[in-house]
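# Fold and geometry: a report
One-letter residues, chain by chain:
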Amino acid sequence: MALTVAVWMRDGFATYLLKGELARFDELVDALADVHPSGWPEFANDLRHWNDFVRAHVPRPGPEMGGRPAPPPDSAPGSRPTPPPPFGAGGENRMLEKRLVLLDANGIPILGNINRSALFERRPVCVQNDCSGTGLLGYVGLNAPLAQGNESDAFFLRGQYLSLALSALIAIGISAIAAYIIARQLLGPIKRLETGAKTMASGNYAARIRQDRTDELGQLIGHYNTLAATLEQTAKTEREWISNTSHELQTPLAVLRAQIEALQDGIRQPDEKTLTEMHAALMRLSRLVQDIKTLSYAREVEQTTYPIRENLSQIAREAAEMARPKLTAKRIEFELDLPSKLMVSCDRGQIGQVIDNLLENAARYTDGPGRVRVSLHEDEGGALLSVDDTPPAVPASDVHRLFDRFFRVEGSRSRAYGGSGLGLSVCKVIVEAHGGTISAGRSDMGGLQIAIRLPKGTA
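Remember, it's a predicted structure, so these values are computed and weren't measured experimentally.

## Some points on the overall build of the protein chain
Secondary structure assignment for the protein chain yields 10 helices and 11 strands. In the protein chain, of all internal contacts separated by at least 6 residues, the share reaching a separation of at least 24 is 66%. A total accessible area of about 26700 Å² is found for the protein chain, and carbon and sulfur atoms account for 57% of it.

## Topic: the sheet that holds strand β8 (residues 370-379)
Here we have five strands laid out as an open sheet, ordered β6-β8-β9-β11-β10, and mixed in their pairing. Looking along the sheet, the strands with just one partner apiece sit at the ends: β6 (332-337) and β10 (437-442). On average, each strand axis in the sheet is inclined to that of its neighbour by 15°, with strand direction left out of account. Bridge analysis of β8 against strand β9 (residues 382-389) gives eight bridges, and the strand direction is antiparallel. What sits directly across from V374, in β9, is V387. Each of β6, β8, β9 and β11 (448-454) is contacted by helix α9 (residues 348-365), which is oriented at about 20° to β9, the strand it contacts most.

## Some thoughts on the pattern of salt bridges
Think of it this way: side chains of opposite charge can pair up when their charged atoms draw near. For the coordinates displayed, the defined rule picks out 17 salt bridges. In this structure, E335 engages R371 in a salt bridge whose closest nitrogen and oxygen atoms are separated by 2.7 Å. Here E335 is found in strand β6, whereas its partner R371 is found in strand β8, with 36 residues between them in sequence. Among the residues examined, R371 registers a relative accessible area of 31% and is labelled partly exposed. One continuous salt-bridge network, built from bridges that share partners, spans R192, R210 and D212.

## Description of the side chain of D388
Assignment of secondary structure puts D388 in strand β9. In this structure the side chain of D388 is engaged in a polar contact, spanning 3.0 Å, whose partner is the side chain of Q449. Excluding anything up to four places from it in sequence, D388 contacts R371, V372, R373, S443, D444, M445, L448 and Q449.

## A look at the sheet that holds strand β4 (residues 136-143)
Across the sheet, four strands lie side by side as β2-β1-β4-β3; this open sheet has antiparallel pairing. The two strands at the open ends of the sheet, each matched to only one other strand, are β2 (109-112) and β3 (120-126). The average undirected angle you get between the axes of adjacent strands in this sheet is 25°. Here strand β1 (residues 100-104) pairs with β2 via three bridges, running antiparallel. Its bridge partner lying in β2, V101 is registered against G112. Running at roughly 25° to β3, helix α1 (residues 2-22) makes contact with β3 and β4 of the sheet.

## Topic: the packing of aromatic side chains
For the structure on display, the rule yields zero aromatic pairs. R122 extends its terminal NZ or CZ atom over the ring of Y139, reaching a point 3.9 Å from the ring centre.

## So, helix α8 (residues 312-329)
Counted at 1.5 Å a residue, the expected span for α8 with its 18 residues is 26 Å, and the 26 Å between its end C-alpha atoms agrees. The set of residues buried in α8 consists of L312, S313, I315, A316, A319, A320, A323 and L327. The residue sitting at the N-terminus of α8 and contributing the capping side-chain oxygen is N311; that oxygen lies 3.2 Å from the backbone nitrogen of S313.

## A short note on unusual backbone geometry
Looking along the chain, the bond that leaves G368 and enters P369 is cis, with omega of -5°. Looking at the secondary structure, you find P369 in the loop between α9 and β8. Of note, the bond from P391 into P392 is cis; its omega dihedral lies within 30 degrees of zero at 10°. Following the sequence through the fold, P392 ends up in the loop between β9 and α10 (423-433).

## As for the state of the cysteines
Enumeration according to the criterion identifies one disulfide in this entry. Put simply, C126 and C131 are joined by a disulfide, and their sulfur atoms are 1.8 Å apart. Taking the torsion about the S-S bond as the criterion, the C126 to C131 disulfide, at about 100°, is right-handed.

## Focus: empty space enclosed by the protein
Applying the stated criterion across every chain yields a total of one cavity of 30 Å³ or more. Computed from the structure, the largest cavity encloses a volume of approximately 60 Å³. Residue lining of the largest cavity: L312, I351, V354, L385, V431, I452 and L454, and that is the complete set. Within the residue set of the lining of the largest cavity, elements represented by two or more residues are α9 and β11.

Thresholds applied
Residues numbered from 1 in each chain as written. Predicted model: local features only at pLDDT ≥ 70, side-chain atom pairs only at ≥ 80, totals over all residues. Heavy atoms only, no water. Helix = DSSP H or I, 4+ residues; strand = E, 2+ residues; numbered from the N terminus. Contact = heavy atoms within 4.5 Å. Areas by Shrake-Rupley, 256 points an atom, 1.4 Å probe, with all protein chains shown as cover. Pairing = 2+ DSSP bridges. Axes fitted to C-alpha atoms, helices over the stretch in contact; angles between N-to-C directions. Salt bridge = Lys/Arg side-chain N within 4 Å of Asp/Glu carboxyl O. Buried < 20%, exposed > 50% of the residue type's maximum accessible area, 1.4 Å probe, protein only. Polar contact = N/O pair within 3.5 Å; in protein donor to acceptor, adjacent residues only side chain to side chain. Phe/Tyr/Trp six-rings, centres within 6.5 Å; stacked < 30°, edge-to-face > 60°. Lys NZ or Arg CZ within 6 Å of the ring centre and 35° of its normal. Expected span 1.5 Å × (residues − 1). Disulfide = S-S within 2.5 Å. 1 Å grid on protein atoms, 1.4 Å probe; cavity = no way out; pocket = protein on both sides within 12 Å on 5 of 7 lines; lining within 4 Å. Points joined across faces, edges and corners; volume = space filled by probe spheres on them.

Here you go:
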């Protein structure tokens, strides 16, 4: 920037000097207008005549023009006045005969230095200061000197160049300090992000980056911390999933192993009781494997449905009839509040599995004597299916965790009742695959309520 300003200042200063010098040619311009009102054909072929005319009307140079000062009026006797230099303009690079040019009204050179320099100014020659129309006789043009020979001008430019250089150095110093400070402000969090990324890539998701800024880098650090927390939770869930799955599989396998070893050792006989116990353990293991398979498909976004128009009321009624014997055996009354027909678009087998799981949970965790109610009705153009039971109820702090995999409420709803902890998780996967929602809450009967909502698009 300093170099650009220096170049502009040099050219501007030269233009300023050129215009100032051209403004001193009032006498020459007036003489050209008075002596030759119709043009200057005599100058076109007589360079000497032109030089003499210009010398006679150009003012004698003073100190401000680079010439020597005029001698004092009272010279010493016998001294001769100093003759003016050629056109009185100073050294070789400033001589007027090298720079002055006469132009006609169309700007065509008549006499003088025809080659123009980079800086060129001209002054009109008019009749009685009327430069319009035929009053314009021509122009006196002046090229800028090739070099500044005036010491005062050169001193002025050197001072300006020195000031610009000093300003540039100060600006560079301040810019370097500011750049260093800004770079530290920017590189600090970037290096922390780099370290955090390497730590995360090594499998350590517990590390967090200190967030001490609110700009874009601060937002990026916040996103990194959120990602690290999500990955940490995912890894924890993964470990819990594997641990719980292996634990749940061990229980029926241990039962089967004990029964088979007892048969091999002759401790037990392959009678109906033993075979029934082995079959129950095998069915529990089969259900557990099927639930894990369903959840794995959902986890891999492979849970698919094949919906067709089905009567949801009929599906619920059939599931209720299958669950009635188990409920009756526990002295649990069964209430149905179902319309005769409510058509929805669903996968009959999957929705039937959901209702079976809900009724099995109700039968397993409801104390007898008690009641279980299944109701179905339209809800804002969709379908709302709810299963309510009587106490015991789920603690309010655990309601939101009922759909977590392998979660069991301690006490009355424990593993002692035979559940795997995957039933409600499977229900959630199937319902969400149908575009619906499933929620748990407190029932008006004192127990638990599970509500399934299918959106308008499926009903």
